[in-house]
Amino acid sequence: MKQIISFLGVVFLFSFSLQAQIRLFLDEQEVGLPDGTSSAWVFPIAGIAEDAIEDLDDYGKERSDVKMKKVGDNLIIAEKVSMPAIASKRGDLLGYVYLKDQSYNMAMVFQLGYDISLNSADWSPEMENLRNYAKAFMAYHYEQEYTRRAKPQEKELKDLEKEKKQTENKIGNLNDKINNLGKKIGKETETAKIEAYETDIRTLEADVKQLMDNLPGLESSISQLRARIEQNLAESSVYLSTIGGL
């Protein structure tokens, strides 16, 4: 229950940060493509252009049974495809990533011909369908991006937790050896053997101290990484919620 409250607190606090720093949008704009200007639904991408293009490629295959082709680093096209969820006529679906105002946006276009693209003035229902498609992809893209960010963090956390457990096990084993040597000393009468046992104990105690000294650093790293993972999850939740309300 405390973890749920903590997570909701992170979401609540981060929502203010998100509103202050980033404005998510899904706007109809005229965008200059490599072959001319088209009407498009435009939204900011998360991460880098390459990943956004790759996400659209995957999304087309998974959700629309559409095969897309990459054209350079920032353009992907599905040519002459039938997409009844968008329009009754065949057309070209394009995803184009470009830099504007120091941030990267994706423009999603559906072209019915060389110089004809869906727009709200002439193709209002179809353009609204394209908006719904762009919005659904936007949510998919942000979810994929935060999954990519989470994977290395989760692996690092798993490695740190494993290292901590191994350290604790080593400490336990060394303490067992120290206790056993203490029992031997209690039963031993020869001075030389007692001194040898005591020397071994001091060596083992030094090893225990070194391991114990390492534990606070490991615990701190684990705590910080868990906080970053929680923040990443909170950011993802806030973004997806915001996209849902666009």
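Use the structure listed above.
Structure report, in brief.

Moving on: the pattern of salt bridges. Pairing is possible between side chains of opposite charge, provided their charged atoms come close. As enumerated under the stated definition, the model contains twelve salt bridges in all. When the shortest N-O distance is used, the salt bridge between D55 and R148 registers 2.9 Å. Residue D55 is located in helix 2 (residues 49-64), and its partner R148 is located in helix 3 (residues 124-187); the two are separated by 93 residues in the primary sequence. Judged by relative accessible area, D55 falls into the buried class, the value being 2%. Its relative accessible area of 29% is what places R148 among the partly exposed residues. Close ionic contact of R148 with E145 constitutes a salt bridge, the shortest N to O distance being 3.1 Å.

Turning our eyes to something else, we now look at helix 2. Over its 16 residues, helix 2 runs 21 Å from end to end, which matches the ideal 22 Å to within 8%, given 1.5 Å per residue. Buried residues of helix 2: A49, A52, I53, D55, L56, D57, Y59 and G60, and no others. As for helix 2, its buried residues are in contact with strand 3 (69-70), strand 4 (75-81), strand 5 (91-100), strand 6 (103-113) and helix 3. Of the residues one or two after helix 2, D65 is the one with positive phi, at around 55°.

The rules behind these values
Residues numbered from 1 in each chain as written. Predicted model: local features only at pLDDT ≥ 70, side-chain atom pairs only at ≥ 80, totals over all residues. Heavy atoms only, no water. Salt bridge = Lys/Arg side-chain N within 4 Å of Asp/Glu carboxyl O. Helix = DSSP H or I, 4+ residues; strand = E, 2+ residues; numbered from the N terminus. Buried < 20%, exposed > 50% of the residue type's maximum accessible area, 1.4 Å probe, protein only. Expected span 1.5 Å × (residues − 1). Contact = heavy atoms within 4.5 Å.

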